[in-house]
2 protein chains.
Amino acid sequence: MGNWYEETFDGQVRFGLKVRRTLHSNRSKFQRVELLETEFFGKALVLDGLFMTSEKDEFFYHEMIVHPALCAVRRRARVLVIGGGDGGTVRELMRWPDVEQVVMVEIDGEVVDVCREHLPSIASAFDEPRLELRIEDGIEYVAKVPACSFDVVLLDGSDPVGPAEGLFNESFYADVKRVLKPDGIFGLQSESPVLQTDVFQAVQKTLRVLFDDVKPYIGSVPLYGSAMWSWTLARPVGEVFPLDTEPLHGLEAELRYMNRELCKAAFVLPTFVRKLATGV
Amino acid sequence: MGNWYEETFDGQVRFGLKVRRTLHSNRSKFQRVELLETEFFGKALVLDGLFMTSEKDEFFYHEMIVHPALCAVRRRARVLVIGGGDGGTVRELMRWPDVEQVVMVEIDGEVVDVCREHLPSIASAFDEPRLELRIEDGIEYVAKVPACSFDVVLLDGSDPVGPAEGLFNESFYADVKRVLKPDGIFGLQSESPVLQTDVFQAVQKTLRVLFDDVKPYIGSVPLYGSAMWSWTLARPVGEVFPLDTEPLHGLEAELRYMNRELCKAAFVLPTFVRKLATGV
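Nothing here was measured: the structure is a model prediction, and the numbers come from that model.

Visitor: Just to check I follow, could you spell out the interface of chain B and chain A for this structure?
Guide: Accessible area lost upon the coming together of the parts is a frequently used measure of interface size. Counting residues at the interface gives 38 residues for chain B, matched by 38 residues for chain A. Approximately 3200 Å² of surface area, both sides summed, lies buried where chain B meets chain A, with 61% of it carried by carbon and sulfur atoms. Considering only the surface of chain B that becomes buried against chain A, B:Gln12, B:Arg14 and B:Phe40 emerge as the three largest contributors, covering 20% of it. Run the count over chain B and chain A and you get two salt bridges. Between A:Glu6 and B:Arg14 there is a salt bridge whose closest N-O contact spans 3.0 Å. At the junction of chain B and chain A, the tally comes to 16 residue pairs in polar contact (both at pLDDT 80 or more). Where the side of chain B that touches chain A is concerned, the elements lending two or more residues are strand S1 (3-9), strand S2 (13-27), helix H1 (58-71), strand S11 (213-221), strand S12 (226-235), helix H7 (260-265) and helix H8 (271-278) of chain B. Top element by residues in the side of chain B that touches chain A is S2(B). It accounts for six residues. Among the residues forming the side of chain B that touches chain A, the class breakdown is 23 nonpolar, nine polar and six charged. For strand S2 (residues 13-27) of chain A and S2(B), the ladder comprises five bridges, and the chain directions are antiparallel.

Written out as structure tokens, the structure reads:
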């Protein structure tokens, strides 16, 4: 038997998963947190009714948000992650031996606790000594941290509704730029150019006001019910390209999605996406 | 108001569209043929309950099935299309001035008629003098055509159920190889590596038995409710690469998805897809 759990986009498109059972369902201080056991995707985290990550496809998203950003910097000693409560982004970061410290700032401790309990293959790096896990508001955190504190900032947030809404505006991006070193990199998930066209376009435009160079890249996230997902790299000063993908060489045997060639090919955009992102 | 129309994959995942109204619904000699006006995708063709193409996203699929194949051959005078009843593949082929004749063999004349009536932006090339449109079984057609008749064969078929089932087996592929010139190219849609993993893998394996070189490539088709779609090129004799993408230069202003860079980048596969396709 089992029920269907569905996510609906603007009341026009919906994506549903057959659910065997619900392992957790609670309203935290910030959002509804659910952990479902689905037929196709294995266990899946759902926040405020939006599918976030699943055992089956989490490597698509996490390898895509982490590795291109780390190929875009020479120094990657200090990394800040905003959001990322499931732990997958931190897990991918810890594959890099020259990452000395990761500060992860997640607003909702319940997400971390639920993922530790039910998604141990994703939340596998929370006990790493190189991790400083802070349960607090990422917007307030970047507002108070000294300038030039990080080599890399990754924004691994939800859609721009609920607690993640403030992660999509210019004042937050300006603080990210401030806490980054000038030759550092800001990497973020930037929604679907197909289903969230307006958000994708607004993120590109806002980033281009603040950063010298902004380069979106695309790939797949099956759980997001959309044919195409995007992430973006933004450089405070100078160009994003060329990426140095050679450091990926030693990691490739562990990775399931990313490889040296794809790390470059993902930045080659379909024409309509390029036009959305740059206007030309 | 409106209803939801849903496609379900193995009873585990479903993808639904809000429908304003049904413009056509009939059981043809071969399959159920429906034409829906949807909120998000505009008008959409549905065969046996499977979403086939839509006004909004058809260019993703049609530009991806046609242009890489045509960049893989030096001569493209004679092209055979099996299936493709909506007309989008023929429309893309007709952009190429050196295509002298396209033979399109579609089993179900009702699909062609419905698309001519309701999807004129897709079915826009059916009156081209370079087109020979045949309403007959594509499997029987390739079995009777003389050897070495075509420079390019494109298989633009449905999922391997119903009338398209015979388009996914070795004896059909052997006939395709026979009707192709040795330095010609076979291009086909090869399903989703995520939702139809077994079919994707079986198609690659079967093609590799018959053809010298087989190269899958990936992209997006939002209407197929899957994060990733695949197409494949197969060369009877010799290698598929390198592709000569220069002829695309003159077409790029008309295209919305494909461009010279993407025509190469689409062949760079995520690691797990490469392993599914080649075993290594």
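Further notes follow.
Visitor: Help me out: how do you make sense of the pairing of strand S12 (residues 226-235) of chain A in this one?
Guide: Within a regular strand, the side chains alternate between the two sheet faces. All names here are of chain A. Taken across its ten residues, S12 has ten buried, putting it largely inside the fold. Examined bridge by bridge, strand S10 (residues 180-189) and S12 share four bridges and lie antiparallel to one another. Bridging across to S12, Phe186 finds its partner in Ala234. Bridge count between strand S11 (residues 213-221) and S12: eight bridges; the pairing is antiparallel.

Visitor: How should the state of the cysteines be read in this particular structure?
Guide: Should the sulfur atoms of two cysteines be covalently bonded, the bond is a disulfide. Residues and elements named next belong to chain B. Under the defined criterion, the tally for this structure stands at zero disulfides over all chains. Not part of a disulfide, Cys263 finds its nearest cysteine sulfur in Cys71, a span of 4.0 Å. On the basis of relative accessible area, Cys263 is assigned to the buried category, the value being 0%.

Visitor: How should I be thinking about helix H3 (residues 109-118) of chain A in this particular structure?
Guide: Residues spaced three or four apart along an α-helix face the same direction, because each turn holds 3.6 residues. All names here are of chain A. Within H3, seven of the ten residues are buried, which leaves it mostly tucked inside the rest of the structure. Among all positions in H3, only Gly109, Glu110, Val111, Val112, Val114, Cys115 and His118 are buried. On its buried face, H3 sits against S2, strand S3 (32-38), strand S4 (42-47), strand S7 (101-106) and strand S8 (131-135). With a side-chain oxygen positioned 3.1 Å from the backbone nitrogen of Glu110, the residue opening H3 is Asp108.

Visitor: What should I look at first to understand the relation of the copies chain B and chain A in this one?
Guide: Here the two chain copies are tied together by a rotation about an axis and a shift along that axis. Once chain B has been moved 0.0 Å along the axis and rotated by 180 degrees, it coincides with chain A to within an RMSD of 0.0 Å. Given the turn and translation reported, the copies of this chain are related as if by a two-fold rotation axis. Distance from the rotation axis, computed per C-alpha, reaches its smallest value in chain B at B:Ala227: 2.0 Å. The fraction of interface residues of chain B whose copies in chain A are also interface residues reaches 100%, indicating that both copies meet through the same surface.

Visitor: I tried to follow the packing of aromatic side chains on my own but got confused; where do I start?
Guide: Aromatic rings in a pair are described by how distant their centres are and how their planes are angled relative to each other. One pass over the structure, following the stated rule, counts 34 aromatic pairs over all chains. Pairing A:Phe60 with A:Tyr257 gives two aromatic rings, centres 5.1 Å apart and planes at 45 degrees, and the pair type is tilted. Here A:Phe60, found in helix H1 (residues 58-71), pairs with A:Tyr257, found in the loop between S12 and helix H7 (260-265); they are 197 residues apart in sequence, far enough to count as distant. With respect to class, A:Phe60 is no different from A:Tyr257; both count as buried. Pairing A:Phe272 with B:Phe60 gives two aromatic rings, centres 4.9 Å apart and planes at 55 degrees, and the pair type is tilted. Of this pair, A:Phe272 sits in helix H8 (residues 271-278) while B:Phe60 sits in helix H1, each in a different chain. By way of ring pairs, the aromatic residues A:Tyr61, A:Tyr217, A:Tyr224, A:Trp229, A:Trp231, A:Phe241 and A:Phe267 are connected into one cluster. Note that A:Lys56 overlies the ring of A:Phe40, its terminal NZ or CZ placed 4.3 Å from the centroid. Lying over the aromatic face of A:Phe241, A:Lys215 brings its terminal NZ or CZ to 5.3 Å of the ring centre.

Visitor: Quick question: what am I supposed to make of unusual backbone geometry here?
Guide: Comment: phi is negative for the bulk of residues other than glycine, and the bulk of peptide bonds are trans. Residues and elements named next belong to chain A. Note that the residue after Phe241, namely Pro242, is joined by a cis bond; omega there is -5 degrees. Mapped onto the elements of the fold, Pro242 is located in the loop between S12 and H7. The phi torsion at Asp48 lies on the positive side, around 45 degrees, for a residue other than glycine. As for its position among the elements, Asp48 is in the loop between S4 and strand S5 (50-54). Its identity is not glycine, yet Glu191 carries a phi of approximately 70 degrees, on the positive side. Relative to the elements of secondary structure, Glu191 occurs in the loop between S10 and helix H6 (197-210). The class for Glu191 is buried, based on a relative accessible area of 0%.

Analysis parameters
- Residues numbered from 1 in each chain as written.
- Chains lettered and ligands numbered in written order.
- Predicted model: local features only at pLDDT ≥ 70, side-chain atom pairs only at ≥ 80, totals over all residues.
- Heavy atoms only, no water.
- Contact = heavy atoms within 4.5 Å.
- Buried area = accessible area lost by both parts, 1.4 Å probe.
- Salt bridge = Lys/Arg side-chain N within 4 Å of Asp/Glu carboxyl O.
- Polar contact = N/O pair within 3.5 Å; in protein donor to acceptor, adjacent residues only side chain to side chain.
- Helix = DSSP H or I, 4+ residues; strand = E, 2+ residues; numbered from the N terminus.
- Nonpolar A, V, L, I, M, F, W, Y, C, P; charged D, E, K, R; others polar.
- Pairing = 2+ DSSP bridges.
- Buried < 20%, exposed > 50% of the residue type's maximum accessible area, 1.4 Å probe, protein only.
- Disulfide = S-S within 2.5 Å.
- Least-squares fit on C-alpha atoms with pLDDT ≥ 70 in both.
- Phe/Tyr/Trp six-rings, centres within 6.5 Å; stacked < 30°, edge-to-face > 60°.
- Lys NZ or Arg CZ within 6 Å of the ring centre and 35° of its normal.

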